[in-house]
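Coordinate inspection notes
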Amino acid sequence: ALYELMTGELLKAIEDARARQPTDPLVGIRAGIDIFLGFYRSGPRALRQLVELAIRSDSLLAPRRRWLRLQIVRLLDEAVHALDGRRLDPYVYHGLVSALEGLTLELIGPGIGEVDVERARVVIHALVDQALDLPRPTPLPAAPKDT
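Sequence order as written defines residue numbering, which begins from 1 separately in each chain. Per-residue local features are limited, in this predicted model, to residues with pLDDT of at least 70; the limit for side-chain atom pairs, both in listing and counting, is 80 or more; totals at the level of whole chains, interfaces and linings are taken over all residues. Side-chain measures here rest on the full set of heavy atoms in the structure, leaving out hydrogens and waters.

Let's talk about the pattern of salt bridges
- We define a salt bridge as a contact between a side-chain nitrogen of Lys or Arg and a carboxyl oxygen of Asp or Glu at a distance within 4 Å. As enumerated under the stated definition, the model contains 14 salt bridges in all.
- Across the pair Arg30 and Asp129 runs a salt bridge, and its minimum N-O distance is 2.5 Å. Placement of Arg30 in helix H2 (residues 27-42) and of Asp129 in helix H6 (residues 114-131) is noted, with a sequence separation of 99 residues between them.
- Relative accessibility decides the category of a residue: with a 1.4 Å probe and only protein chains considered, values under 20% of the type maximum give buried, values over 50% give exposed, and everything between is partly exposed. For Arg30, a relative accessible area of 26% translates into the label partly exposed.
- A salt bridge links Arg48 to Glu52, with the shortest nitrogen-to-oxygen separation between them at 2.8 Å. Residue Arg48 and its partner Glu52 are located together in helix H3 (residues 44-55), separated by four residues, close to a single helical turn.
- Each of Glu15, Arg18, Arg74 and Glu78 takes part in a single network of salt bridges with overlapping partners. The helix count covers DSSP runs of H or I at least four residues long, the strand count covers runs of E at least two residues long, and both are numbered beginning at the N terminus.

Some thoughts on helix H1 (residues 2-20)
- Multiply 1.5 Å by the residue count of a helix minus one, and that product is the helix's expected span. Here H1 is 19 residues long and its end C-alpha atoms lie 27 Å apart, about the 27 Å a rise of 1.5 Å per residue gives.
- Looking at H1, one finds that the buried residues are Tyr3, Met6, Thr7, Leu10, Leu11, Ala13, Ile14 and Ala17. Projection of H1 onto a plane perpendicular to its axis shows the buried side chains occupying an angular sector of 155 degrees, all on one side. Turned more than 90 degrees away from the buried face of H1 sit Leu5, Ala19 and Arg20, all of them exposed.
- Here the buried face of H1 lies against H2, H3 and helix H4 (62-84). Each direction from the helix axis to a C-beta atom contributes to the arc, which is the arc of those directions. Residues are treated as being in contact if the distance between any of their heavy atoms lies within 4.5 Å.

Nothing here speaks to function; it is geometry throughout.
Structure, rendered in structure tokens:
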């Protein structure tokens, strides 16, 4: 029930952002990234457990995850098409969704904090820009000084 609620809220927030700024095709996608990581900020262990469980193909959450991913792929495709008329291979979008899921799995453990969540946010936004070959993309960030 928690996963269904979270995924429903995520899609609703993406649609709301799109409705508020219909002239920016990517506003919903950017809002979705921020909202998803916002879920992480409020409950990192719970989100990680939900993501890990949903990824398992034998999980009861797996069908909802597949549905959610298809919805996000559709939204990404609509956004890119509205932006410049392109239709990219859906695997591009699946790869971006997988990157976001994967980053959340890295964001737990000793020493992980708000700075790391913000780094993940910056990275995933830059990956979206680069993968979608946007004009004036956000550059991929350099390694932090402490790594």
